[in-house]
Amino acid sequence: MNPQANLIFIASLLLGTTITISSNHWIMAWTGLEINTLAILPLISKSHHPRSIEAATKYFLTQAAASALVLFSSMTNAWHTGQWDITQLTHPTSCLILTSAIAMKLGLVPFHFWFPEVLQGSPLTTGLILSTAMKLPPMTLLYMTSSSLNPTLLTILAILSAALGGWMGLNQTQIRKILAFSSISHLGWMAIILIYNPKLTLLNFYLYTVMTTTVFLTLNTTKVLKLSTLLTAWTKAPSLNTMLLLTLLSLAGLPPLTGFLPKWLIIQELTKQDMAPAATLISLLSLLSLFFYLRLAYCTTITLPPHTTNHMKQWRTNKPTSTAIAILTTVSVMLLPASPMILTIV
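Residues numbered from 1 in each chain as written. Predicted model: local features only at pLDDT ≥ 70, side-chain atom pairs only at ≥ 80, totals over all residues. Heavy atoms only, no water.

Looking at this structure, I do not really get the nonpolar core. What am I missing?
Here is a general trend for soluble globular proteins: nonpolar side chains tend to be buried in one another's company. Formed by 90 residues in total, the largest nonpolar core has its most connected members in Ile40, Tyr59, Ile192, Leu219 and Leu230. For this core, the element with the most residues is helix α9 (residues 175-193), which contributes 12 residues. Counting contributing residues per domain, this core is built from domain 1 (1-146) and domain 2 (150-307 + 320-345), each supplying no fewer than three. Excluding its chain neighbours within four sequence positions, the residues that come into contact with isoleucine 40 are Leu13, Tyr59, Thr126, Ile129, Leu130 and Met134. (Core = buried A, V, L, I, M, F, W, Y, C linked by side-chain atoms within 4.5 Å. Buried < 20%, exposed > 50% of the residue type's maximum accessible area, 1.4 Å probe, protein only. Helix = DSSP H or I, 4+ residues; strand = E, 2+ residues; numbered from the N terminus. Domains from an automatic or database assignment. Contact = heavy atoms within 4.5 Å.)

Okay, here's the thing in structure tokens:
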């Protein structure tokens, strides 16, 4: 893709995200979401492969439907209350429609079907943007309207997302699809705590963004897209693969790594809110996603590939690991001891 065009699309993404995050009026928030959708489409379909075009089409249709629902919910609220302010969303029907719209934007169950397909059809760098930056504006809208949303509906969506995100990722061999289902599972954790402690949702989102960025950038460096290639990637960059192993275990939420922090705090908060059964259920469901993280981690660090593989061993590269990956990996793995400081900020 032309560098100038690439720059315009990235700038438009930043503009759309900034408009949505900083707006108080529903129309401005909707405008930002639309700019984001239109800017990411060329980045998804830039390889001109039929799968990329299909991914871009699916993404456009789902996001257009979700944006229409956002507009519909805000207009219904304005019709009944006379308020266009985002924080003044009080009409029950509007809250219900908005929850569905944002669930569709984020890829929460049962509106998740588009996300794995779109991620599979996109390049790794675009997949990274879709998994992290594109989720920030809808998360911001959820954060701003959290006080008026329906707790029962969000809890049901969250538990279903954690269940299906773990269950459907079990038999995948394509790494982008595994990361898509991992994202759906993490969204479940974010949604379940949103009503009770919105700041915890944001903390979870930020830490998830850091860990996912590390995984995507590492895979992009080693040029790995599926498990069979991952089996032979150890010889290419051993130190990078070791760090990928730790980051994957952190994403799984194992102590003493960073990923354990949000899960620990969410379980603690749910218990305080007399939601011990929900906390127990979502903790048990996270064992499903733990299985495919462990499978990925095993494939990452296997030093002797099985004889059934069709791939040649790759030459070890002398190219140094980028500073960004080094910093992100450190944060992804070693942030748990700093949790008291993080909690004072949050």
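For this particular structure, what's the right way to read the domain arrangement of the protein?
By a widely used convention, the size of an interface equals the accessible area lost when the partners come together. Taken domain by domain, the protein consists of domain 1 (1-146) and domain 2 (150-307 + 320-345). Taking the mean C-alpha position of each, domain 1 and domain 2 sit 23 Å from one another. Listed per partner, the contact involves 28 residues of domain 1 and 36 residues of domain 2. The contact between domain 1 and domain 2 buries some 2900 Å² in all, and 79% of this surface belongs to carbon and sulfur atoms. Among the salt bridges present, the one from glutamate 117 reaches lysine 177, with a minimum N-O distance of 3.4 Å. Among the elements of the structure, α4 (92-106), α5 (114-121), α6 (124-131) and α7 (136-145) are those that each provide at least two residues to the side of domain 1 that touches domain 2. Here the residues of the side of domain 1 that touches domain 2 sort into 16 nonpolar, 10 polar and two charged. (Buried area = accessible area lost by both parts, 1.4 Å probe. Salt bridge = Lys/Arg side-chain N within 4 Å of Asp/Glu carboxyl O. Nonpolar A, V, L, I, M, F, W, Y, C, P; charged D, E, K, R; others polar.)

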